[in-house]
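Each chain is listed here by its residues.
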Amino acid sequence: MTIHARITGTGGYLPEKVLTNHDLERMVDTSHEWIVERTGIHQRHIAAEDEFTCDLAERAARRALEAAGRRPADVDLIVVATTTPDRVFPSTACLVQQRLDIHGCPAFDVQAVCTGFIYALGIAEKFVRTGSARCALVIGAETLSRIVDWTDRSTCVLFGDGAGAVVLEASEEPGILSSHLHCDGKYEHLLNVPVGVSSGLERLASGEGTIRMKGNEVFKVAVNTLGRIVDETLEANGLRREDVDWLVPHQANIRIIRATARKLGLPADRVVVTVDRHGNTSAASVPLALDVAVREGRIRRGETLLMEAFGGGFTWGSVLMVY
Ligand code: COA
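As the structure is a computational prediction, the values presented were derived from the model and not from experiment.

What counts and how
- Residues numbered from 1 in each chain as written.
- Predicted model: local features only at pLDDT ≥ 70, side-chain atom pairs only at ≥ 80, totals over all residues.
- Heavy atoms only, no water.
- Near = heavy atom within 4 Å.
- Polar contact = N/O pair within 3.5 Å; in protein donor to acceptor, adjacent residues only side chain to side chain.
- Areas by Shrake-Rupley, 256 points an atom, 1.4 Å probe, with all protein chains shown as cover.
- Helix = DSSP H or I, 4+ residues; strand = E, 2+ residues; numbered from the N terminus.
- Buried < 20%, exposed > 50% of the residue type's maximum accessible area, 1.4 Å probe, protein only.
- Pairing = 2+ DSSP bridges.
- Phe/Tyr/Trp six-rings, centres within 6.5 Å; stacked < 30°, edge-to-face > 60°.
- Axes fitted to C-alpha atoms, helices over the stretch in contact; angles between N-to-C directions.
- Contact = heavy atoms within 4.5 Å.
- Parallel < 35°, antiparallel > 145°, perpendicular 65-115°, else oblique.
- Left-handed = near helix turned anticlockwise from the far one by under 90°.
- Core = buried A, V, L, I, M, F, W, Y, C linked by side-chain atoms within 4.5 Å.
- Nonpolar A, V, L, I, M, F, W, Y, C, P; charged D, E, K, R; others polar.

Asks: Just checking my understanding: could you explain the site of the ligand for this structure?
Replies: The environment of the ligand is made up of 23 residues, and the closest members are Thr-30, Arg-38, Arg-153, Asn-216 and Asn-253. One nitrogen or oxygen atom from the side chain of Asn-253 is found 2.7 Å from an oxygen atom belonging to the ligand. For the ligand, an oxygen atom lies 3.5 Å from a polar atom in the side chain of Arg-255. Coverage of the ligand by the protein amounts to 72% of the 960 Å² it exposes when considered alone. Looking at the shell around the ligand, the elements with two or more residues in it are α2 (32-39), α6 (153-156), α8 (215-237), α9 (254-264) and β12 (304-311).

Written out as structure tokens, the structure is:
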């Protein structure tokens, strides 16, 4: 019998504090109109000072478990996608495991920036399909606000904090049909945080530890690359554009999302958009968007979803699945 990997529950969590475009107008030389026109973003959520990535991840995970009708004790794999872990070590996945009072199962972080959740889901899917796990918790969680330069108007308007999670279980019914993961490190200079642990924690603390981006160039590569991943995913499954019911894209910029939707020939009401409310939450963006659409009753069981993302590295990827 073929073992499939199927999402049985979704969950999301957003910190309480909301930062609107009008709030940003008081911080940098920008305007609500500019931000909406160029990005589609109206507001983003920001973690409280004493709220860490693990806190957001735990809340999203508990909601996903509840939706799946599972208890923490059922979980036998935890994968957390994050670029903003609480600590150097242990990994955020280990911290989440401890919070959930789970003991012994493998738990690790995946770092692929905005593509992190797609990478994590692609990895967890292989554990489940090969019988190495039966009930995986896959989480994307970020406190990106901690690595944003709040004086740089070209980046600070884009990002937000949040977490999304799914429970991925072994099933006789089809679930994930294919996952496609890519990276091309030659583009690292277009989007990065230029320092890290090995290059010096003192440089991180001195203000160099923030996101640097050549937005215009990132935009162009993102649109082309996501167009290509749509073709690759459909071809790998012998499907046509009209076989896809929903696009659940990474939420970076409404113009990038619309370009990918056009490539798929999907009308706006078949594209999940949360970027207006959440901004770009990096690894959290795809599972948060999925959770919103599932809870609103828009995405239904048996429908075919294309999830995709693009991020620093550059990394990019997609997952095609039957929900
Ligand atoms: N408010 C007002 N003006 C701003 C601004 C802001 N927040 N940020 C930049 N500008 C200005 C620039 O200084 C520039 O002014 P100039 O023409 O006088 O030099 C002008 O707006 C145009 O800048 P540009 O960078 O060409 O704008 P853009 O249309 O490319 O939009 C982004 C900028 C960042 C919104 C867009 O490039 C983008 O979304 N890129 C992809 C980013 C992304 O998704 N990154 C994450 C990938 S996971």
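Asks: Looking at this structure, I do not really get the pairing of strand β7 (residues 162-171). What am I missing?
Replies: Here is the key point about a regular strand: its side chains alternate between the two faces of the sheet. Of all 10 residues in β7, 10 are buried; the element is thus mostly enclosed. Taking every second residue as pointing to the same face, both faces of β7 are buried, with Gly-162, Gly-164, Val-166, Leu-168 and Ala-170 on one and Ala-163, Ala-165, Val-167, Glu-169 and Ser-171 on the other. Pairing between strand β1 (residues 4-13) and β7: 9 bridges, direction antiparallel. Considered in β7, the bridge of Arg-6 is made with Glu-169. Pairing between strand β6 (residues 135-142) and β7: 8 bridges, direction antiparallel. The residue bridging Cys-135 from the neighbouring strand is Glu-169, located in β7.

Asks: Where do I start with the packing of aromatic side chains in this structure?
Replies: Centre-to-centre distance and the angle between the planes together describe a pair of aromatic rings. One pass over the full model with this rule turns up 3 aromatic pairs. Ring geometry for Tyr-187 and Phe-314: centres 5.0 Å apart, planes at 20°, overall stacked. On the criterion of sequence distance, the pair formed by Tyr-187 in the loop between β8 (176-183) and β9 (191-192) and Phe-314 in the loop between β12 and β13 (315-322) is long-range, its members being 127 residues apart. Here Tyr-187 falls in the partly exposed class, since its relative accessible area comes to 22%. Its relative accessible area of 0% is what places Phe-314 among the buried residues. Considering the side-chain rings of Phe-310 and Phe-314, the 4.7 Å spacing of their centres and the 55° angle between planes classify their relative orientation as tilted.

Asks: Before we go on, may I ask you to explain the sheet that holds strand β11 (residues 246-249) in this structure?
Replies: Two modes of strand pairing occur in sheets, parallel and antiparallel, and in both the strands are linked by backbone hydrogen bonds. Read from one edge of the open sheet, 4 strands run β8-β13-β12-β11, paired in mixed fashion. Edge positions in the sheet fall to β8 and β11, since each of these pairs with one other strand and no more. Strand after strand, the sheet turns through a mean of 10° between neighbouring axes, direction not considered. Direction of pairing for β12 relative to β13: antiparallel, over a ladder of 8 bridges. Directly across from Met-307, in β13, lies its bridge partner Val-319. Relative to β8, helix α5 (residues 116-129) is tilted by about 130°, and along the sheet it contacts β8, β12 and β13. Each of β11, β12 and β13 is contacted by helix α11 (residues 285-295), which is oriented at about 150° to β12, the strand it contacts most.

Asks: Please clarify how the packing of α8 against α9 should be interpreted in this entry.
Replies: Remark: α8 packs on α9, axes separated minimally by 9 Å, with the N-to-C direction vectors making an angle of 30°. In terms of axis orientation, α8 runs roughly parallel to α9. The handedness of the crossing between α8 and α9 is right-handed. Residues Phe-219, Ala-222, Val-223, Leu-226, Gly-227, Val-230, Asp-231 and Leu-234 of α8 pack against Arg-255, Ile-256, Ala-259, Thr-260, Lys-263 and Leu-264 of α9.

Asks: Is there a simple way to explain the nonpolar core in this structure?
Replies: Side chains that are nonpolar tend, in soluble globular proteins, to be buried together. In this structure, Ile-211, Val-244, Leu-247, Leu-264, Leu-306, Phe-310 and Phe-314 are the most contacted members of the largest nonpolar core, which totals 38 residues. Where this core is concerned, the elements lending two or more residues are α8, α9, β12 and β13. When residues in this core are grouped by element, the largest group, 7 residues, is from α8. Ignoring any residue separated from it by four or fewer positions in sequence, one finds Leu-306 in contact with Val-230, Thr-233, Val-244, Trp-246, Leu-247, Val-248, Leu-264, Ser-318, Val-319 and Leu-320. Counting 37 residues, the second-largest nonpolar core is a separate cluster that includes Val-110, Phe-117, Tyr-119 and Ile-176.

Asks: Is there a simple way to think about the packing of helix α3 (residues 53-68) against helix α4 (residues 92-99) in this case?
Replies: Helices that pack against each other are described as a pair by the angle of their axes relative to one another and the distance between those axes. Taken N-terminus to C-terminus, the directions of α3 and α4 make an angle of 55°; their axes are 9 Å apart at the nearest point. As judged from the angle between their axes, α3 and α4 are oblique. Crossing hand, α3 versus α4: right-handed. In contact with Thr-53, Cys-54, Asp-55, Ala-57, Glu-58 and Arg-62 of α3, α4 contributes Thr-92, Leu-95, Val-96 and Arg-99. Taken together, the residues of the contact of α3 with α4 sort by class into 4 nonpolar, 2 polar and 4 charged.

Asks: Looking at this structure, how should I read the side chain of Glu-125?
Replies: Mapped onto the elements of the fold, Glu-125 is located in helix α5. Assessed through its relative accessible area of 2%, Glu-125 is described here as buried. Reaching out from Glu-125, the side chain makes a polar contact with the side chain of Ser-179 at a distance of 2.8 Å.

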